[in-house]
Amino acid sequence: MTSGARPIRNESRMKHIAKPVKIGSSSVGGGPFSVWAGPCSVESLAQLSTVAEAVKALGGAGMRGGLFKLRTDPTAFQGLGREAYDIVKSVRLSSGLPFVSEITDPRQIADLHDVVDAFQVGSRNMHNYALLKELGQLKKPVVLKRGLSALFKEWMLAADYLVRGGNENVILCERGIRTFETATRNTFDINAIALAKREAPFPILADPSHGTGDAGLVPAIALAAAAAGADGLLIEVHPDPSQAKSDGFQSLNLLEFESLMRTLPKLLAALDRKMATP
Ligand code: PEP
Ligand code: MN
């Protein structure tokens, strides 16, 4: 061989079949494309209910929203924490949509367990093996984000902590990695989507919001991820991004979200795929 390309082995070209993971009444994986949308931070009942209405009306599978925020700046908004439990419970009940939220500390498990339908492990905690071991003892699904600078291999090993503990309900989430490029917040690793579909026994969501850090780029990267085979999206949506307490710059407003939700089925149809029916 004259090129430096690695030889292609037939067995490595076989697509890995990941079992779908149920989150409440919805699921991720198995073919249909599921969209999990909501604000970076839960801020009020009015804010969350407004987004929930849009997510439901536009065919989203469920909601996302942070209660415990891991902020780089200690003076930045840290999330409503326990204060938001009643907001989430009420919106889950009124909308019927399952809810995914980040857990930042094993001590939150006991009370967060009955508030959310899946735990999100954030990028900053992908290497928190004590947290992963605790979540491995449960059956509640875990959305495991890729670490800020984690190798694909390290991410898969983090997932292995959950599986070895006995929790097979793992969903990966590619949210961009740090590279030398600073024009965008992160570099969304589209390779990781295709690679996970081939190598990983778990479904994978794409988070184009953190992957770009720029609301104007989010729809393009969301579509690219769908085209690359992602099982769905975890995406930030806010009724008024200019007033958001966190990540407003990368959050879609309701009209932008609607436009994306109308485009996605057309792209998926070209690939013989469908949106998940909620
Ligand atoms: C989030 O989803 O709001 C979040 C903090 O994401 P990440 O852990 O990917 O930075
Ligand atoms: Mn965010």
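This text gives an overview of the structure that appears in the document. These numbers were taken from a predicted model, which means no experiment stands behind them. (Residues numbered from 1 in each chain as written. Chains lettered and ligands numbered in written order. Predicted model: local features only at pLDDT ≥ 70, side-chain atom pairs only at ≥ 80, totals over all residues. Heavy atoms only, no water.)

### Here's the deal with the site of ligand 1
Okay, so step 1: Lining the immediate environment of ligand 1, one finds Cys 40, Arg 64, Lys 69, Glu 102, Gln 120, Gly 122, Ser 123, Arg 124, Lys 145, Arg 175, His 210 and Glu 236.
Okay, so step 2: Within the side chain of His 210, an N or O atom sits 3.3 Å from an oxygen atom of ligand 1.
Okay, so step 3: Isolated, ligand 1 exposes 290 Å² of accessible area, and the fraction of that covered by the protein chains is 96%.
Okay, so step 4: A breakdown of the residues in the shell around ligand 1 according to their chemical character gives 1 nonpolar, 4 polar and 7 charged. (Near = heavy atom within 4 Å. Polar contact = N/O pair within 3.5 Å; in protein donor to acceptor, adjacent residues only side chain to side chain. Areas by Shrake-Rupley, 256 points an atom, 1.4 Å probe, with all protein chains shown as cover. Nonpolar A, V, L, I, M, F, W, Y, C, P; charged D, E, K, R; others polar.)

### Some points on the coordination of the manganese ion (ligand 2)
Okay, so step 1: Coordination of the manganese ion (ligand 2) by the protein comes from Cys 40 (SG), His 210 (NE2), Glu 236 (OE) and Asp 247 (OD), over a distance range of 2.0 to 2.4 Å.
Okay, so step 2: Each donor residue of the manganese ion (ligand 2) lies on the same chain, and together they follow the pattern C-x169-H-x25-E-x10-D. Here His 210 is found in helix H7 (residues 208-212), whereas its partner Glu 236 is found in strand S10 (residues 232-236), with 26 residues between them in sequence.
Okay, so step 3: His 210 gets classed as buried once you look at its relative accessible area, which sits at 8%. (Donors = N, O, S within 2.8 Å, 3.2 Å for Na, K, Ca; no water. Helix = DSSP H or I, 4+ residues; strand = E, 2+ residues; numbered from the N terminus. Buried < 20%, exposed > 50% of the residue type's maximum accessible area, 1.4 Å probe, protein only.)

### A short note on unusual backbone geometry
Okay, so step 1: The residue Asp 247 is not glycine, and still its phi comes out positive at about 55°.
Okay, so step 2: Assignment of secondary structure puts Asp 247 in the loop between S10 and helix H9 (254-270).
Okay, so step 3: Judged by relative accessible area, Asp 247 falls into the buried class, the value being 10%.

### Some details on the packing of helix H1 (residues 45-57) against helix H2 (residues 85-95)
Okay, so step 1: Taken N-terminus to C-terminus, the directions of H1 and H2 make an angle of 30°; their axes are 10 Å apart at the nearest point. In terms of their interaxial angle, H1 and H2 are classed as roughly parallel. For the crossing formed where H1 meets H2, the hand is right-handed. Contact with H1, carried on its side by Leu 45, Leu 48, Ser 49, Ala 52 and Lys 56, involves Ile 87, Val 88, Ser 90, Val 91 and Ser 95 of H2 and no other residues of that element.
Okay, so step 2: Of the residues contributing to the contact of H1 with H2, the split by class is 6 nonpolar, 3 polar and 1 charged. (Axes fitted to C-alpha atoms, helices over the stretch in contact; angles between N-to-C directions. Parallel < 35°, antiparallel > 145°, perpendicular 65-115°, else oblique. Left-handed = near helix turned anticlockwise from the far one by under 90°. Contact = heavy atoms within 4.5 Å.)

### Observations regarding the nonpolar core
Okay, so step 1: Core analysis: the biggest nonpolar cluster contains 67 residues, and Val 35, Leu 135 and Phe 257 have the highest contact counts within it.
Okay, so step 2: Looking at this core element by element, the count peaks at 6 residues for helix H5 (residues 152-165).
Okay, so step 3: Apart from the residues lying within four places of it in its own chain, the contact partners of Val 35 are Gly 60, Ala 61, Gly 62, Leu 233, Ile 235, Phe 257, Met 261, Leu 264 and Met 275. (Core = buried A, V, L, I, M, F, W, Y, C linked by side-chain atoms within 4.5 Å.)

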